[in-house]
Amino acid sequence: MANKILVLHGPNLDLLGTREPEVYGRLTLARINRMLQVEAKRKKFRLEIKQSNHEGVLVDLIGKAGKAGFRGILINPAAYTHTSVALRDAVAACGLKVVEVHLSNIYSREEFRHKSLISPVASGTVLGFGAKSYTLGLAALIDLLAEVSILK
Ligand code: DQA
């Protein structure tokens, strides 16, 4: 099976770089994506990267990921983390390894951000390290996928 990972960025992450830089840092999404591509290539994985502000689009992408040949998903569900039962159900149903990431530490912020509907159905979550959460999350996902291959 091809070593393909789907990277999903949720709502408003297209604004990174100018969006509340004191919370999310100054790196643009394009820059983060380039970092991820370099890391993936080094480990012989291919990434397809998508950003959407629309819940249904993200649900569709997760739902079709298995058939499209992806082995795992790295996702920052952004605000949908805290609200979307649909996204949670899509993650639970997709049958792939899913790693959730957040730039900020959602537990040190407003109370409404303290609950993630995604974490209970994800393989793991990396948060609070800024853009590094993504590269750490990708490394963890690739490790998980390597373990799965060894056990097969
Ligand atoms: C976020 C945290 C969410 O609470 C917020 O709605 C985001 C970004 C993060 O990466 O820190 O849009 O997922």
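The notes below deal with the structure included here.

Reading guide: rules and limits
Residues numbered from 1 in each chain as written. Predicted model: local features only at pLDDT ≥ 70, side-chain atom pairs only at ≥ 80, totals over all residues. Heavy atoms only, no water. Helix = DSSP H or I, 4+ residues; strand = E, 2+ residues; numbered from the N terminus. Buried < 20%, exposed > 50% of the residue type's maximum accessible area, 1.4 Å probe, protein only. Contact = heavy atoms within 4.5 Å. Arc of directions from axis to C-beta.

**Brief notes about the side chain of Ser-104**
At step 1: Structurally, Ser-104 is set in the loop between strand E4 (97-102) and strand E5 (124-127).
At step 2: Note on Ser-104: relative accessible area 8%, which makes it buried.
At step 3: Contacts of Ser-104, omitting those with residues within four sequence positions, involve Val-23, Tyr-24, Arg-109, Leu-127 and Gly-128.

**Some remarks on helix H3 (residues 55-65)**
At step 1: Buried within H3 we find Leu-58, Ile-62 and Ala-65. An end-on view of H3 places all buried positions within 60° of arc, on one side of the element. Residues of H3 that are exposed and point over 90 degrees away from its buried face: Gly-63 and Lys-64.
At step 2: Next to the buried residues of H3 lie strand E1 (4-9), strand E3 (72-76) and helix H4 (85-93).

Read these as spatial facts, not as claims about activity.
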